[in-house]
Structure formats: C-alpha cells, structure tokens
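Structural overview for review
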Amino acid sequence: MNVDDHDRPSSLYARRGATSLWRIVVEAIRKDITGGTYKPGERLPTETELAVKFGVHRNTVRRAFAVLKERDYVRIEQGRGTFVKERIVRHRLGPKTRLTTSLRDMDRLGERRFVHSARIRVDKELARDLRLPQGQFARRVDTLSVIDNVAASVASSYFPLPRFEGIEALIEQTGSFTESWKQFGVLDYCRFETRISAGSLSQADSLLLALPRRQPVILITNINVDGEGVPIVVTRSRLAPQHMELVIRFSE
C-alpha cells in the first residue's frame, strides 16, 4: 500500500508553506548539482534513497527527477538510473581545428593522457590511409581525452615508421601531437579526411570511459597530412555522445 506524502513526518513538511514538496526536492538536488556535490556524469542516489533522505514518497522524487530532466540538469537512463547531465562540448570539425582549441574557446579544462603504445604491422585499411605497403610498421599510441576531469573520448593514433620512431615518448611527456611533430621537423599540418560512424565499446574502452559496453559511441577516423600532403597520423577516436557534439560548418 502506498503511503501518501502527508503521512510522512519530516522537517520538509514543517517548512514547505505553500510550496509543493517536489519543488523543494528539485531545488535541493539542483543546488547539490550546481554546487559540485554531484559531478557531471555521476549517478544520483536512487528514488528510494532520496525519498528516505527527504522523508517523502518515491513519487515525489520521481516528479522532481522529471522536472530536473526538463530543465536539462539530469538525464534518465532506463534500467541504470538518473545521472547529472554532462556539459556538452561543441567541437567544430575543420581542416585544422583541434579539440583543445574548442575547449579553450569555451573556457573548459581538457587534457590528453597517454595510455599505451605498441609497434604494430598495418593492416589493409590502415596501409591505405597511411599510404604504406601492407605489413609495414606503424606506432600505435592510445590516449584518453579528459574534459573537466571526466573521460570523454579514447583514441588510437597510428604514426608511420620509421619516420616517427620514438614519438610515443614525446606524446607521453607533452600530451601534444603538435609539439611532438615539431621534433621531427613537421611544423604544419592539416586534416585530409574525416570519417564519422557509430559503434560499440570494447571492454578496455568501456573501463577507460566508465561506460557500459552496450553504450553507443561516435567513431571518428581522422587523417592528418604534412605540408607535402603526406599522411603523418591516422587517429581512430571513440567519443561518448553525452559529452560531445560535432559541428560541421559549410560557410562562415
């Protein structure tokens, strides 16, 4: 049998006056979100837990969640719970645009973290993109992009060898492809091609991004070339869609 809100004694009832209980709950949770008690992407306590905390019925918390969702403070995932809505990064795709530039323009804190590196033989598709003979070696560098202390994307970048032998150490040290390329005499580059599709996460990516494997992700393949038009990297990124919005502008 359901218990009505009025049957639950709480300080909320004593001080609500003419204000509905759900409005008080909305404001309390909103303050916790804006004050940093709950971080972007963090799962909120369950309806039952918050009902106990506030001394109200679960339906009151459910209505508060619905209102917070309408106001863009939370997102609700069926079967998983209610999460603080992430601050979307609007990343413009262009010949030379970089995520770091987009973050700086929005006054957001971001960094690229080195994860892993390996020397690999290129397969048919990678050989085509890097314009290398199939079976030649490339250096794979895995990195994690973190925005406002939240993991937003993971990427695998492939640098042709022997041209960029040792670049992984520079990337680990500087966190920057641009600065690392300078050590190899590449002072300028541009985007040759970008391919966008959708996919799912590997177990390793799932752990890095703290997302379930069934979570759909945006897959982006970027090919960058030097001033002579020679490929210098192929990067395959997996982006969490709740963190990133891609913008393609056709005119200024």
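Considering the confidence of the model for the protein
Detailed reading of predicted coordinates is not advised where the pLDDT is low. Averaged over the protein, the pLDDT score is 84; the fraction of residues at 70 or greater is 85%. Per-element mean pLDDT across the protein ranges from 54 in helix 5 (residues 99-105) up to 96 in helix 6 (residues 124-130).

What to know about the environment of Leu187
Residue position: Leu187 is located in the loop between helix 8 (177-182) and strand 7 (189-199). Using a relative accessible area of 69% as the deciding quantity, one classes Leu187 as exposed. C-alpha separation for the pair Leu187 and Asp226, spaced 39 residues apart in sequence, amounts to 8.2 Å.

Side note on the sheet that holds strand 8 (residues 217-226)
The strand order across the open sheet formed by six strands is 4-5-6-9-8-7, and the pairing between neighbours is antiparallel. If you trace the sheet from one side to the other, it starts and ends with strand 4 (110-121) and strand 7, each paired once. Neighbour-to-neighbour, the strand axes of the sheet open up by a mean angle of 20°, direction not taken into account. Examined bridge by bridge, strand 8 and strand 9 (residues 231-239) share eight bridges and lie antiparallel to one another. Looking at the pairing, Asn222 lines up with Thr235 of strand 9. The sheet contacts of helix 7 (residues 167-174) involve strand 4, strand 5 (137-147) and strand 6 (150-160), and relative to strand 5 the element is tilted by about 10°.

Parameters and conventions
Residues numbered from 1 in each chain as written. Predicted model: local features only at pLDDT ≥ 70, side-chain atom pairs only at ≥ 80, totals over all residues. Heavy atoms only, no water. pLDDT = per-residue confidence, 0-100. Helix = DSSP H or I, 4+ residues; strand = E, 2+ residues; numbered from the N terminus. Buried < 20%, exposed > 50% of the residue type's maximum accessible area, 1.4 Å probe, protein only. Pairing = 2+ DSSP bridges. Axes fitted to C-alpha atoms, helices over the stretch in contact; angles between N-to-C directions. Contact = heavy atoms within 4.5 Å.

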